[in-house]
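# Commentary on secondary and tertiary structure
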Amino acid sequence: MAGKGMRCLSEAMRGLSLGAQTCRTVPVRTAPLISRRSMATEAPVSKITRSVAEKWTPITTVPVTVHSFPDLAPRSLETYSAKHLYLPLRRDILHLAVVYEGDNTRQGTAQAKTRWEVAGSHRKVRPQKGSGRARVGNKQSPLQRGGGKSHGPRNRDFGTKLNRKVYDLAWRTALSYRYRRGELIVTEDGLDLPLPEDFLQQAQDGLLTRELEDAFIEKYVGEMLGAMQWGKAHGRTTFITGEERMNLFTAMGVAGENGRALELEDVDVKDLLETGRIVVESSVLKEMIKRHRSDLVTSIFLPGQKNTKETTMGTVVYPSSKVSYT
Amino acid sequence: MRHLPRLRGAVSASLCCSSPTHIRTTTAVAAVATTSSSSTKTQSLQRRTLSTSLPRSDAVEAYTPPQGLKPPPQAQKAAVRPDKITDPAYEPAQDGLELEEVGGLDGWWENPDNYGVGRQWVGYGPAEKITDPAVLEVAVYRALVEAMVARRQMNTPDATPARDALLESGWGPAALTATTVQTKLCGGSHGTLILKPAEDVETATAAEQEAEVTEEAKEQLEAAVTPEQEAEVVEAKEEVKTAVASEQVAEITEETKEEADTGVASEQETETEVKEEVDATKDSADHVISTEEARALLKEIGHEWKRPMIKDLIYKYFIAKRIYKLTGHRIPDGKLVAINSGGVLLKEIVKPPKAKKLAEEIENKQLFQSLPNVKVFPRRVTPIDKEKMMGRWKVIREELERRGLPVIGTANIDNAIEKKWVTGTK
């Protein structure tokens, strides 16, 4: 009895073994080596992988050359964290930010009168029965000419919400996008447009009419930005300054087809993505990043504890530092 | 109402960067505000052009202010009243269409006599980018050498003026390019780009060798660029300037005096001489090498410098600055990050700009040349184009003109009225 029981068990165990499973014992039919060939559409080996032995050192800082304006001579070199100006392009985040800004820019002041707001008497227009015509209540009815509007626009707030950290990331992504494409030109502080001395003198002396002044500025700025390859033919240029610079802002107002000038306060992500290039003062760039890095620095301050997440921003490398050549 | 002066003609922003007095108290942008009005009033009276940065010393020397702006005549001439006209042939016009348009200030600045001269933008680099690959390669090599020398001299404070002069200088005389190119670059012990040590020098360490080579190269370059030659050039320029100025003054006085013909002739002669002198100075100051010269130099340069790594950020910055000065190619910072060797740098600069249109791209790449049934047009092929290809357009045009019909478009002729009847639309 016991022997039979053991036999059953061993049979059962054999059934469970790998060899007993038919699907596993089916021999794989491998083609002979001679007939093997590479597929016609075989992709080349990608170069994105790297050797394990090679140390992975991602870029942590990126250089920013500060130019003088308008001759664009390189004057100094600053470094910014890659998290500020070298972020990967995230179109989804930029889209969120632009939509968010658009929503919050809507005035939402459209309003039509409902039947309860239309002025006038609420007398019944004609008797309910006997006239042979349709029954009518009062003349404010939406069906009547001059009546109220049913489901018309009402004053409302179209504003939507976006997490602050996402918005800040979008801002820096927009800057990074410009930076990577070489469309972010940083200038020394005090960015303004130099207009010719003789013209300014004549304008001040009242020798030129406003039309002539405008025509001159239009021609002058057009030629200047054209020579710099910054004008209309090259997608216009956005100048961003810390405060209103009269010459620059007046000139860009007149010669608007070649670009625009904005104060830092008026800039948003959409502005950074429009036009061919962004020309920004060094300190304004720093300020922009300072205002939009909530995802990089903590807002919780503990006494005696340093904010370890804070990264380098606008560190001047040249001409101040004395670093030996490596 | 207009506020005068609408255009602020005064503050040189760079001069007042150091004293930010316009501070917005409410926002953090205060730190960004850079101009002030009070401290610079005296400066504003003297200097009306607005510059955003301190003018470089060399820029000021080379700067000739734009001139010749001509305002419109201020005195207005009133037309004669119709009842005062004595001419019996005068017939008053019935409407404005018959009248000829005279005067007006439309396009006043389009006239070069009114607009003046010297208003074109002057950048840091040359006015036109160099596109010749051979010249570009020599320029890149020269930039690498000079930037390397400048970079090595960074920690020596007394070398600052020489370094700045080196970085800011143009092509210089032709011999300078040849001298620079003789300095060799190669890969160092860590695979980075260094100045190649001379083979016959027997020094103990690689560092010493390098230091020696750097010093040598620096001496060579300094001798070539500064200070004697520059001083000479500057002197020559000043001489020419004063000469021109004195000539101009003389010219004006002579004109008013109505001088004799002989005087004018001699004047012209001296003028041409001065011009020649200016050109000569210019040539000796900045000689952009020709393709043949570049090719000859390239044989000397070789390819050893293209592979070694370029890592140092300041070195890269110097290179970019030199290349912009020599060739007019501005290397954006975003690209500078990825540039890690001379070869990559060269490729980046030599690469022609991306075609704006597909047709241009196809033309540049010479695509579809072998396909007889494929033609590429830069724009849509219109029915008129087809007629032109066929050679029938001329005839059609003549016939249309003969019948008084519009050649292009429908003029004011509406669609066929029958169409409305058929479709039933209003």
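Residues numbered from 1 in each chain as written. Chains lettered and ligands numbered in written order. Predicted model: local features only at pLDDT ≥ 70, side-chain atom pairs only at ≥ 80, totals over all residues. Heavy atoms only, no water.

The helix and strand inventory of chain B stands at 17 helices and two strands. Burial status across chain B gives 33% buried among its 426 residues. For chain B, long-range pairs separated by at least 24 residues make up 71% of all intrachain contacts whose partners lie at least 6 apart in sequence. As presented, chain B carries roughly 27,900 Å² of accessible surface, and 55% of it is formed by carbon and sulfur atoms. (Helix = DSSP H or I, 4+ residues; strand = E, 2+ residues; numbered from the N terminus. Buried < 20%, exposed > 50% of the residue type's maximum accessible area, 1.4 Å probe, protein only. Contact = heavy atoms within 4.5 Å. Areas by Shrake-Rupley, 256 points an atom, 1.4 Å probe, with all protein chains shown as cover.)

Moving on to the overall build of chain A. Looking only at helices and strands, chain A has ten helices and seven strands in total. Looking at chain A as a whole, 41% of its 326 residues are labelled buried. Here the contacts in chain A between residues at least 6 apart in sequence split such that 68% fall between residues at least 24 apart. Surface accessibility of chain A: about 19,700 Å² in total, with carbon and sulfur atoms responsible for 55%.

Here the focus is the pattern of salt bridges. Residue and element names in this part refer to chain A. Following the criterion strictly, the structure yields 31 salt bridges over all chains and no others. Arg 172 is paired through a salt bridge with Asp 295; the nearest N and O atoms lie 2.3 Å apart. Here Asp 295 lies in the loop between helix 10 (282-291) and strand 7 (315-318) and Arg 172 lies in helix 5 (residues 164-180), a separation of 123 residues in the sequence. On the basis of relative accessibility, which here comes to 1%, the residue Arg 172 falls in the buried class. (Salt bridge = Lys/Arg side-chain N within 4 Å of Asp/Glu carboxyl O.)

Time to look at the pairing of strand 2 (residues 74-81) of chain A. Residue and element names in this part refer to chain A. With eight of eight residues buried, strand 2 is to be regarded as a mostly interior element. In this sheet, strand 2 lies alongside strand 1 (residues 61-67) in antiparallel orientation, the contact comprising seven bridges. Residue pairing in the sheet places Val 62 in a bridge with Tyr 80 of strand 2. One ladder, built from three bridges, connects strand 2 with strand 7; its direction is antiparallel. Following the sheet pairing, Glu 78 is matched in strand 7 by Val 316. (Pairing = 2+ DSSP bridges.)

Once that is clear, we can look at the sheet that holds strand 6 (residues 277-281) of chain A. Residues and elements named next belong to chain A. Taken in spatial order, the seven strands line up as 5-4-6-3-1-2-7 in an open sheet, and their pairing is mixed. Each edge of the sheet is formed by a strand with only one pairing partner; in this case those strands are strand 5 (259-263) and strand 7. Taking the axes of each pair of neighbouring strands and ignoring which way they run, one obtains an average angle of 30 degrees across the sheet. Packed onto the sheet, helix 8 (residues 246-254) meets strand 4 (237-241) and strand 5 and runs at close to 140 degrees relative to strand 5. (Axes fitted to C-alpha atoms, helices over the stretch in contact; angles between N-to-C directions.)

Residues and elements named next belong to chain B. Direction vectors running N to C along helix 6 (residues 174-182) and helix 10 (residues 291-301) enclose 15 degrees, while the axes themselves pass 9 Å from each other. In terms of orientation, helix 6 and helix 10 fall into the roughly parallel class. As helix 6 packs across helix 10, the resulting crossing turns out to be right-handed. Residue-level contacts link Thr 177, Ala 178, Val 181 and Gln 182 of helix 6 to Leu 297, Glu 300 and Ile 301 of helix 10. Tallied by class, residues from the contact of helix 6 with helix 10 come to four nonpolar, two polar and one charged. (Parallel < 35°, antiparallel > 145°, perpendicular 65-115°, else oblique. Left-handed = near helix turned anticlockwise from the far one by under 90°. Nonpolar A, V, L, I, M, F, W, Y, C, P; charged D, E, K, R; others polar.)

We now examine the nonpolar core. Counting residues in each nonpolar core, the largest one holds 47 residues, and the members touching the most others are Leu144(B), Leu185(B), Trp305(B), Phe318(B) and Leu345(B). Among the secondary structure elements, those contributing two or more residues to this core are strand 7 of chain A together with helix 4 (133-152), helix 5 (160-168), strand 2 (193-195), helix 10, helix 11 (313-327) and helix 13 (342-350) of chain B. Counting residues per element, this core draws most heavily on helix 4 of chain B, which supplies 14 residues. Discounting residues that sit within four places of it in the chain, Leu144(B) has contacts with Leu185(B), Leu193(B), Trp305(B), Ile310(B), Tyr315(B), Ile319(B), Gly342(B) and Leu345(B). (Core = buried A, V, L, I, M, F, W, Y, C linked by side-chain atoms within 4.5 Å.)

There is a patch of nonpolar side chains on the surface, built from Leu367(B), Phe368(B), Leu371(B), Val374(B) and Val376(B) and spanning about 360 Å² of accessible area. Along the polypeptide, Val376(B) turns up in the loop between helix 14 (358-365) and helix 15 (383-390). (Patch = residues over 30% accessible without salt bridge, like charges linked within 9 Å, V, L, I, M, F, W, Y side chains within 5 Å.)

All right, on to unusual backbone geometry then. Residues and elements named next belong to chain A. Cis geometry is adopted by the peptide bond preceding Pro 70, which originates at Phe 69 and carries an omega value of 10 degrees. Here Pro 70 lies in the loop between strand 1 and strand 2. The residue after Tyr 318, namely Pro 319, is reached through a cis peptide bond having omega 10 degrees. Looking at where Pro 319 falls in the secondary structure, it is placed in the segment after strand 7.

In this structure the tally under the stated criterion is 15 aromatic pairs over all chains. With centroids separated by 5.7 Å and ring planes inclined at 75 degrees, the aromatic side chains of Phe69(A) and Phe239(A) adopt a geometry described as edge-to-face. Pair noted here: Phe69(A) is in the loop between strand 1 and strand 2 and Phe239(A) is in strand 4, with a separation of 170 residues, a long-range link. Summarising the burial analysis for this pair, Phe69(A) and Phe239(A) share the class buried. Taken together, the aromatic side chains of Phe199(A), Phe216(A), Tyr220(A), Trp109(B) and Tyr115(B) make up a single cluster linked through ring pairs. The aromatic ring of Tyr115(B) is capped on one face by Arg119(B), whose charged end is 5.4 Å from the ring centroid. (Phe/Tyr/Trp six-rings, centres within 6.5 Å; stacked < 30°, edge-to-face > 60°. Lys NZ or Arg CZ within 6 Å of the ring centre and 35° of its normal.)

Residues and elements named next belong to chain A. Of all seven residues in strand 1, six are buried, a share of seventy percent or more. In sequence, strand 1 turns back onto strand 2 through a hairpin of six residues, with Leu 72 there showing a positive phi of about 60 degrees. Sheet topology places strand 1 next to strand 3 (residues 184-187); two bridges connect them, and they run parallel. Looking at strand 3, one finds that Val 66 is bridged to Val 186.

This part takes up the side chain of Thr275(A). Residue and element names in this part refer to chain A. One can find Thr 275 in the loop between helix 9 (269-273) and strand 6. A polar side-chain atom of Thr 275 sits 2.7 Å from a polar atom in the side chain of Thr 238. Not counting residues within four places of it along the chain, the set of residues in contact with Thr 275 comprises Arg 178, Gly 235, Arg 236, Thr 237, Thr 238 and Arg 260. (Polar contact = N/O pair within 3.5 Å; in protein donor to acceptor, adjacent residues only side chain to side chain.)

All right, on to the layout of surface pockets then. Approximately 600 Å³ is the volume attributed to the second largest pocket. Counting residues per element, the ones that place at least two in the lining of the second largest pocket are strand 1 of chain A together with helix 11 and helix 12 (333-338) of chain B. Broken down by class, the residue content of the lining of the second largest pocket amounts to eleven nonpolar, five polar and two charged. (1 Å grid on protein atoms, 1.4 Å probe; cavity = no way out; pocket = protein on both sides within 12 Å on 5 of 7 lines; lining within 4 Å. Points joined across faces, edges and corners; volume = space filled by probe spheres on them.)

Counting across every chain of the model gives four cavities of 30 Å³ or more. Estimates place the volume of the largest cavity at around 120 Å³. If you trace the largest cavity, you find 15 residues lining it, with Thr65(A), His67(A), Arg330(B), Ile331(B) and Asp333(B) closest to the centre. Going through the elements one at a time, strand 1 and strand 3 of chain A together with helix 11 and helix 12 of chain B are the ones with two or more residues in the lining of the largest cavity. Top contributing element to the lining of the largest cavity by residue count: helix 11 of chain B, with four residues. Taken together, the residues of the lining of the largest cavity sort by class into nine nonpolar, three polar and three charged.

We now examine the environment of Asp268(A). Residue and element names in this part refer to chain A. Mapping Asp 268 onto the fold places it in the loop between strand 5 and helix 9. Through-space distance from the C-alpha of Asp 268 to that of Val 98 is 8.5 Å; in sequence the pair is 170 residues apart. The residues contacting Asp 268, other than those within four sequence positions of it, are Glu 101, Tyr 167 and Trp 171.

All names here are of chain B. When pLDDT is averaged along chain B, the result is 73; 64% of the residues meet or exceed 70. Here helix 1 (residues 41-46) stands out as the element of chain B with the lowest mean pLDDT, 36, in contrast to helix 16 (residues 393-402), whose mean of 96 is the highest. The low-confidence segment residues 9-62 (pLDDT under 50) makes 106 contacts with residues lying over four places distant or belonging to another chain. This model gives residues 226-283 a pLDDT under 50, and the stretch forms 26 contacts once residues within four places in sequence are excluded. (pLDDT = per-residue confidence, 0-100.)

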